[in-house]
Amino acid sequence: MSENEKILVMRSITKTFPGVRALDEVDIHVDRGEIHFIVGENGAGKSTLMKVLSGIYSSGSYSGDIVFNGEIKHFSGIKDSVKEGIVIINQELALFPDLTVYENIYVGHEVANKQGVIDWIETKKLAKKYLDIVGLDVNLDSLVRSLGVGKQQLIEIAKALSQDVKLLILDEPTAALNENDSENLLNLLVELKKKGITSIMISHKLREVEAVADSLTILRDGKVITRMDSDEINEHEIIRHMVGRQIDDIFPERPKFKGGKVVFETIHFNAYDRNLNRYIVNDANIKLKEGEVVGLSGLMGAGRTEFAHSVFGNIDEYKISGGIIVNEKHVEFSHPQAAIKHGIAYVSEDRKKDGLILGENIGQNICLSSLKKISKNGILNFFKQSFFAKKYVKDLDIKTPSIYQQLKNLSGGNQQKVQVAKWLFAEPKILILDEPTRGIDVGAKYEIYTIINDLVSKGMSILIISSELPEILGMCDRIYVIAEGLQTAEFDKEEATAEKIMHKATVV
Amino acid sequence: MKNEIKKINPVLRYFYVIISMFRTNIRDYGMYIALTIVFLIFAIMTNGLFLGPINFTNLLNQTAYVAVLAVGMTLVIVTRQIDLSVGYLGAFLGAYVVVSVENLHGSIPLALFSALLITVFVGIFKGFFVAKIKVPSFVITLAGMFIFKGFLMLMTNNRTIPTSNEFFNKIGVGYLSTAKIGGLDMITFIMGILIVILIVVSSILKRRKNRKLGIENESKQIYITKTLFVIFVLLFIAFNLASYRGVSYLLLITLVVMLVYFFFTTKTTLGRRIYAVGGNPEAAELSGIKVTTIIIIVFISMGILALISGVMYASYVQNTSPNHGPFWELYAIAATFIGGASASGGIGKIVNSVIGAVVIMSLKNGMALAGFDSNIEPIVLGSVLLMAVVFDIYTRNIRPVDLVGMYYAKRKYAEEYTKAKQNLKEAKQKLASAKKTDEPLIEYEYELTNAKSQYSRIKNKIRSSNEEDYQDMIKV
Ligand SMILES: Nc1ncnc2c1ncn2[C@@H]1O[C@H](COP(=O)(O)OP(=O)(O)OP(=O)(O)O)[C@@H](O)[C@H]1O
Ligand SMILES: [Mg+2]
């Protein structure tokens, strides 16, 4: 293949942070008009590599060459790379919640004359055009705040298109999307490919990699392990290279659930959202038995997270009616503290907002909800804190130079592991896990599943909320399906199939 | 459930549409409501004197220097910063210009130009420390507040220095002088009418363009009502001012500043980027916006407006004094928040902040005019600010409402509604009587919650109805 067909070559890229060699002589190349995937474990260096490529880490802060369209480029900022047609959509979306849809698309590269006066009419016209291309039908004037993640993601892509993108970089775009939205997005990428737009995408969802990748590069510990082309791509091979060992079954074995007494139950449970003006949870009757893993399945926005929030001390201040019974006692939780006292813990899906303190280190975060365990008479024992931090870093294989690393310097997946560790350490009786493996690599997923099995064998009960059907099917003894706030079905492990669940999740 | 409903009476429909719009968007109208209430109260208490031509003119003149500061402060607050130094900075710059002209006999352009250089330099300095060195703006501008207070005292030598130059007279107490016809100042009146025409024409053009682009316009009724209201207010102002002395230079400068900034913040790249930076600094950086530069620019703009404000104030009171400056910045900040700006950034409108300034100065002016004990004034001001902020938070998640839709829904679901209400009543009674016996209550409790949720479900169905949903079943 001649150099000419390669839109991008990155040669021996090395990037270090204090104590971490995030990228170590990385070589990748991408052909014109293909969809190239970067896969690898959490902390492998995928996001870092893309930040180097897009100029977020400016030239000089790393070593090695970026060859784009046959020329060596030195980007000193994101503006330079955008000028060349390289646009990145980060793991954290970069939108402006209080600005309108059309303005969001054009912030930073406004349609304006030389004096800087914006032509709003033209802006709206163009915005509409790009929204049509990405297939998003929203009111141009609505604020981005009012849209769901799936739509926001499409706005980001419309924004990229409006910047005349040639190489589109997407860092885990489907992590926060449900199956439908993910599929939409992948179809869109294939559409764009036909229009000649090359994409690089990072993903932990190996199924979608298998489905749309033309080629991929596997990273591990900052090094390239291998590159595969479309005919060689298969899930098992990818996993083997990623993790460096064979994982035969993604879901570890667990003895069949034999039944037990009910430890948690909601009866005719309703949560009414005063702002949205509707029931966000509608007559939920959910049971959790001792030692059982129960799944809560449904589309994004179906009300699963809202259910968890309203059970766990009514965090969102909905209007609640109906009953919660814990250990045969009628309870009311007006604050998470009350729920925690009754042995309930909730691992939030939004780790930034509800879960972690990014400015503090790993040990502090893990011990935050169980300070009693590491203190005596109100005085903290920092040796214990370090001890437990070390234990969980090892158990969950958290990639970090030390337990004193601030959370914000960890990769996305490793932050998620810390969040899980925090609640595992609290040792609750009833654990609600909301999207526990979002953005987590297969190896670490296996670790988390193993821990779940271990915990239920000791009598803990776990409620898993997940958009990933395989995870629900593979891990849960019983499954509830929710659609638009209504509980539409209940399946036992044996009778549940992906089709049945999807069917019940889409009909009301 | 009924399948046919009678069409709503058109007059009733009109009122429902207007009230629905008002209730849904009440957040945008907060300061207008506040202003109307304040105006009405004082007008009544002073037998109309408060809104009379003379006092109304005075009120606007008094507001000028705070309004100009509030314009700058809006952008500072939009970018999540604060500037406590502008009160004394403004007073100091005013003193600098006055002293240069009056005592040192410098030329006015030179005095203004050198003051401009000083304030730009100060702005760069503040912005640099805030954006680059990351010193919290609260701290750095607090330091500035002390420093400029000192400079002010040095500059005035701790004495009050009167202004005598024609320039200050014109700005401070001068009016756009024209012929009066029939007791009305013509230029003011014509200006008022021109503005009205401009607003009407431009809004019609905008609606047309939107229609061409397929973008939804607000409904005709709402548009016409709103426009008529604006015309009425503008004509009232124009008429009122014209019957006294017309438009003062203070007012003119304020209007120019407001319009320039309105244009700047709504139509220019730089202006919109300020809002982007305030709304999400990380995203702004990733969109290729230089956050540091933007913040420095915002502080420079604040400084320039402080200069204008300081010169206006000195001209208005016809002197410069070491006592000028205190509370100016706080009035400006309060005006901005009354105008609906958000301390968490990204939200805040220029015109609304100016109206916020008018609210504050109306309180001061009105209470003096109505003969309140002047010690009460700060208490009232503080309370109004508090109410404004509470109002803002309370209306943050307001539910849209369509009274016309509700009108139809109430008729359509009349039976269901009565039944649900009846069930609820019964469930309550059953529970109450069960409480008197030894029966276990749990079943009754569930029955009650169910009845409650049934009831609120139907209520909400009604509450969330839209007129469009009922088009098919309206009887003609
Ligand atoms: N700003 C930073 N300071 C210090 N270390 C960092 C910083 N950013 C990333 N790292 C480290 O660099 C390594 C690579 O991180 P990167 O974010 O590229 O991982 P990733 O492959 O994207 O992982 P994930 O799948 O979890 O998103 C990690 O060990 C991370 O802790
Ligand atoms: Mg990453």
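Colleague: Could you clarify how one ought to interpret the nonpolar core in this entry?
Modeller: For soluble globular proteins, the rule of thumb is that nonpolar side chains tend to be buried together. Ranked by internal contacts, the top residues of the largest apolar core, which has 100 residues, are B:Met73, B:Leu75, B:Val97, B:Tyr261, B:Ile274 and B:Ile360. Top element by residues in this core is helix α3 (residues 53-78) of chain B. It accounts for 16 residues.

Colleague: Looking at this structure, how should I read the domain arrangement of chain A?
Modeller: Quoted interface sizes are often the accessible area lost when the parts come together. All names here are of chain A. Taken as a whole, chain A is organised into domain 1 (3-243), domain 2 (249-343 + 428-508) and domain 3 (352-427). Of note, the centres of domain 2 and domain 3, computed from C-alpha atoms alone, are 24 Å apart. At the junction of the two partners, domain 2 supplies 17 residues and domain 3 supplies 11 residues. Summing the contributions of domain 2 and of domain 3, the shared interface buries around 1,000 Å²; its carbon and sulfur component is 74%. On inspection of domain 2 and its partner domain 3, the count reaches 1 residue pair in polar contact (both at pLDDT 80 or more). Top element by residues in the side of domain 2 that touches domain 3 is helix α15 (residues 442-457). It accounts for 5 residues.

Colleague: Even after reading the chapter, I still don't get the sheet that holds strand β1 (residues 6-17) of chain A, so can you show me in this structure?
Modeller: The strands that make up a sheet pair up through hydrogen bonds in the backbone, lying either parallel or antiparallel. Residue and element names in this part refer to chain A. Strand order in this open sheet of 4 strands is β2-β1-β4-β5, and the pairing throughout is antiparallel. Only two strands of the sheet have a single partner each, and these edge strands are β2 (20-31) and β5 (71-73). In this sheet, neighbouring strand axes are inclined to one another by 25° on average, regardless of whether the strands run parallel or antiparallel. In the packing of helix α1 (residues 46-53) onto the sheet, the strands contacted are β1, β2 and β4 (63-68), and the crossing angle to β1 comes to about 115°.

Colleague: I would appreciate a short explanation of a positive patch on the surface in the present structure.
Modeller: Where like charges cluster on the molecular surface, the positive patch consists of A:Arg274, A:Lys319, B:Lys421, B:Lys425, B:Lys428, B:Lys452 and B:Lys459. Where the positive patch is concerned, the elements lending two or more residues are α18 (414-436) and α19 (442-463) of chain B. Among the elements that take part in the positive patch, α18(B) stands out by supplying 3 residues, more than any other. With respect to the element layout, B:Lys421 can be found in helix α18. On the basis of relative accessibility, which here comes to 44%, the residue B:Lys421 falls in the partly exposed class.

Colleague: Explain the side chain of B:Thr46 to me, please; I cannot follow it from the model alone.
Modeller: Examined against the element boundaries, B:Thr46 turns out to sit in the loop between α2 (26-45) and α3. Discounting residues that sit within four places of it in the chain, B:Thr46 has contacts with B:Leu369 and B:Ala370.

Colleague: Is there a simple way to explain the side chain of B:Thr57 in this structure?
Modeller: With respect to the secondary-structure elements, B:Thr57 resides in helix α3. Polar side-chain contacts of B:Thr57 include one of 2.7 Å to the backbone oxygen of B:Pro53.

Colleague: Teacher, can you tell me more about the pairing of strand β7 (residues 167-171) of chain A here?
Modeller: If a strand is regular, its side chains alternate between the two faces of the sheet. Residue and element names in this part refer to chain A. Of all 5 residues in β7, 5 are buried; the element is thus mostly enclosed. Here β7 shows two buried faces, one formed by Leu167, Ile169 and Asp171 and the other by Leu168 and Leu170. Here strand β6 (residues 86-89) runs beside β7; their pairing, made up of 4 bridges, is parallel. Within the sheet, the bridge partner assigned to Val87 lies in β7 and is Leu168. Looking at chain direction, β7 and strand β8 (residues 198-202) are connected through 5 bridges and run parallel. Bridging from a neighbouring strand, Leu168 pairs with Ser199 of β8. The parallel pair β7 and β8 is bridged by helix α6 (residues 179-194), and the resulting crossover is right-handed.

Colleague: Explanation requested: the site of ligand 1 in the structure shown.
Modeller: All names here are of chain A. Neighbouring ligand 1 are 20 residues; Lys46, Ser47, Thr48, Ser411 and Gly413 lie closest to it. Taking Glu172, its side chain carries an N or O atom lying 3.5 Å from an oxygen atom of ligand 1. Backbone polar atom of Asn409 to an oxygen atom of ligand 1: 3.0 Å apart, as the coordinates give it. Within the complex, the protein chains bury 89% of what would otherwise be the 640 Å² of accessible surface of ligand 1. When contributions to the shell around ligand 1 are tallied by element, the ones reaching two or more residues are β2, α1 and α14 (412-426). No fewer than three residues from each of domain 1 (3-243) and domain 3 (352-427) sit in the shell around ligand 1.

Colleague: Help me understand unusual backbone geometry, please; the structure alone is not making it clear to me.
Modeller: With glycine set apart, most residues show a phi of negative sign, and most peptide bonds adopt trans. Residues and elements named next belong to chain B. In this structure, Arg80 takes a positive phi of about 70° despite not being glycine. The residue Arg80 is located in the loop between α3 and α4 (86-102) in this model. With relative accessibility at 40%, the residue Arg80 sits in the partly exposed group. Positive phi is not limited to glycine here, since Gln318 has a value of about 60°. Along the chain, Gln318 turns up in the loop between α13 (291-317) and β5 (319-320). On the accessibility criterion, Gln318 (32% relative accessible area) is partly exposed.

Colleague: Any chance you could explain the interface of chain B and chain A here in plain terms?
Modeller: Listed per partner, the contact involves 38 residues of chain B and 41 residues of chain A. The junction of chain B with chain A conceals about 3,300 Å² of combined surface from both sides, 56% of it contributed by carbon and sulfur atoms. Between A:Glu103 and B:Arg272 there is a salt bridge; the shortest N-O distance is 2.4 Å. Elements supplying a minimum of two residues to the side of chain B that touches chain A: α8 (186-213), α10 (249-267), α11 (269-279), α12 (281-286) and α19 of chain B. The greatest single-element share of the side of chain B that touches chain A, amounting to 10 residues, is contributed by α19(B). A breakdown of the residues in the side of chain B that touches chain A according to their chemical character gives 12 nonpolar, 17 polar and 9 charged.

Colleague: So what exactly am I meant to see when it comes to the confidence of the model for chain B here?
Modeller: It should be kept in mind that the predicted coordinates are not to be read in detail where pLDDT is low. Summing up the model confidence of chain B, the mean pLDDT is 91 and the portion of residues at 70 or higher is 100%. Reported confidences for the modelled complex are a pTM of 0.84 and an ipTM of 0.83.

Colleague: Teacher, can you tell me more about the domain arrangement of chain B here?
Modeller: What the domain assignment lists for chain B is domain 1 (5-14 + 402-475), domain 2 (46-174 + 248-395) and domain 3 (176-245). The centre of domain 1 of chain B, based on its C-alpha atoms, is set 52 Å off from the matching centre of domain 2 of chain B.

Colleague: Can you help me understand a nonpolar patch on the surface in this one?
Modeller: Together, B:Phe138, B:Val139, B:Leu142, B:Phe146, B:Ile147, B:Phe151 and B:Leu154 give the surface a local cluster of nonpolar side chains, amounting to about 720 Å² of exposed area. Examined against the element boundaries, B:Leu154 turns out to sit in helix α6 (residues 137-156).

Colleague: Looking at this model, I keep getting lost on the environment of A:Ile218. Mind explaining?
Modeller: All names here are of chain A. Structurally, Ile218 is set in strand β9 (residues 215-220). It is 9.7 Å that separates the C-alpha atoms of Ile218 and Ile28, two residues lying 190 residues apart in sequence. Once residues within four sequence positions are removed from consideration, Ile218 is found in contact with Val39, Lys223, Val224, Ile225, Thr226, Met228, Ile238, His241 and Met242.

Colleague: Teacher, can you tell me more about the packing of aromatic side chains here?
Modeller: Think of a pair of aromatic rings as described by two things: how far the centres are apart, and how the planes are tilted against each other in angle. Evaluation of the coordinates by the stated rule reveals 31 aromatic pairs over all chains. Taken together, a centroid distance of 5.4 Å and an interplanar angle of 45° make the contact between B:Phe42 and B:Phe50 tilted. Of the two residues, B:Phe42 and B:Phe50, both sit in the buried class. Here the aromatic rings of B:Phe92 and B:Phe148 are separated by 6.1 Å at their centres, their planes lie at 20°, and the arrangement is stacked. Of this pair, B:Phe92 sits in helix α4 while B:Phe148 sits in helix α6, and the two are 56 residues apart along the sequence. Here the two residues B:Phe92 and B:Phe148 agree in accessibility, since each one is buried. Taken together through their ring pairs, the aromatic side chains of B:Phe39, B:Phe42, B:Phe50, B:Phe56 and B:Phe236 make up a single cluster. Just above the ring of A:Tyr392 sits the side chain of A:Lys391; from NZ or CZ to the centre is 4.9 Å. Between the NZ or CZ atom of B:Arg207 and the centre of the ring of B:Tyr223, over which it lies, the distance is 4.3 Å.

Colleague: I keep staring at α15(A) and nothing clicks. Help me out?
Modeller: Residues separated by three or four positions in an α-helix point in the same direction, a consequence of the helix having 3.6 residues per turn. Residue and element names in this part refer to chain A. End to end, α15 covers 23 Å across 16 residues, agreeing with the expected 22 Å (1.5 Å per residue, within 8%). Considered for burial, the residues of α15 that qualify are Val442, Gly443, Ala444, Lys445, Ile448, Tyr449, Ile451, Ile452, Asn453, Leu455 and Val456. Backbone nitrogen of Gly443 and a side-chain oxygen of the N-cap are separated by 2.9 Å at the start of α15; the cap is Asp441.

Colleague: In this structure, what is going on with empty space enclosed by the protein? I would like to understand it.
Modeller: Sizing a probe to match a water molecule and rolling it over the atoms shows the empty space that remains. Residues and elements named next belong to chain A. Here the structure, examined in full by the defined rule, presents 4 cavities of 30 Å³ or more. What the largest cavity holds in volume is close to 150 Å³. Mapped by element, the contributors of at least two residues to the lining of the largest cavity are α2 (78-83), β6 and α5 (149-162). Its residues assigned to classes, the lining of the largest cavity comprises 9 nonpolar, 3 polar and 2 charged.

What counts as what
- Residues numbered from 1 in each chain as written.
- Chains lettered and ligands numbered in written order.
- Predicted model: local features only at pLDDT ≥ 70, side-chain atom pairs only at ≥ 80, totals over all residues.
- Heavy atoms only, no water.
- Core = buried A, V, L, I, M, F, W, Y, C linked by side-chain atoms within 4.5 Å.
- Buried < 20%, exposed > 50% of the residue type's maximum accessible area, 1.4 Å probe, protein only.
- Helix = DSSP H or I, 4+ residues; strand = E, 2+ residues; numbered from the N terminus.
- Domains from an automatic or database assignment.
- Contact = heavy atoms within 4.5 Å.
- Buried area = accessible area lost by both parts, 1.4 Å probe.
- Polar contact = N/O pair within 3.5 Å; in protein donor to acceptor, adjacent residues only side chain to side chain.
- Pairing = 2+ DSSP bridges.
- Axes fitted to C-alpha atoms, helices over the stretch in contact; angles between N-to-C directions.
- Patch = residues over 30% accessible without salt bridge, like charges linked within 9 Å, V, L, I, M, F, W, Y side chains within 5 Å.
- Areas by Shrake-Rupley, 256 points an atom, 1.4 Å probe, with all protein chains shown as cover.
- Salt bridge = Lys/Arg side-chain N within 4 Å of Asp/Glu carboxyl O.
- Lys, Arg positive; Asp, Glu negative; His and termini not counted.
- Charge placed at Lys NZ, Arg CZ, Asp CG, Glu CD.
- Right-handed = clockwise from strand over helix to strand, strands pointing away.
- Near = heavy atom within 4 Å.
- Nonpolar A, V, L, I, M, F, W, Y, C, P; charged D, E, K, R; others polar.
- pLDDT = per-residue confidence, 0-100.
- Phe/Tyr/Trp six-rings, centres within 6.5 Å; stacked < 30°, edge-to-face > 60°.
- Lys NZ or Arg CZ within 6 Å of the ring centre and 35° of its normal.
- Expected span 1.5 Å × (residues − 1).
- 1 Å grid on protein atoms, 1.4 Å probe; cavity = no way out; pocket = protein on both sides within 12 Å on 5 of 7 lines; lining within 4 Å.
- Points joined across faces, edges and corners; volume = space filled by probe spheres on them.

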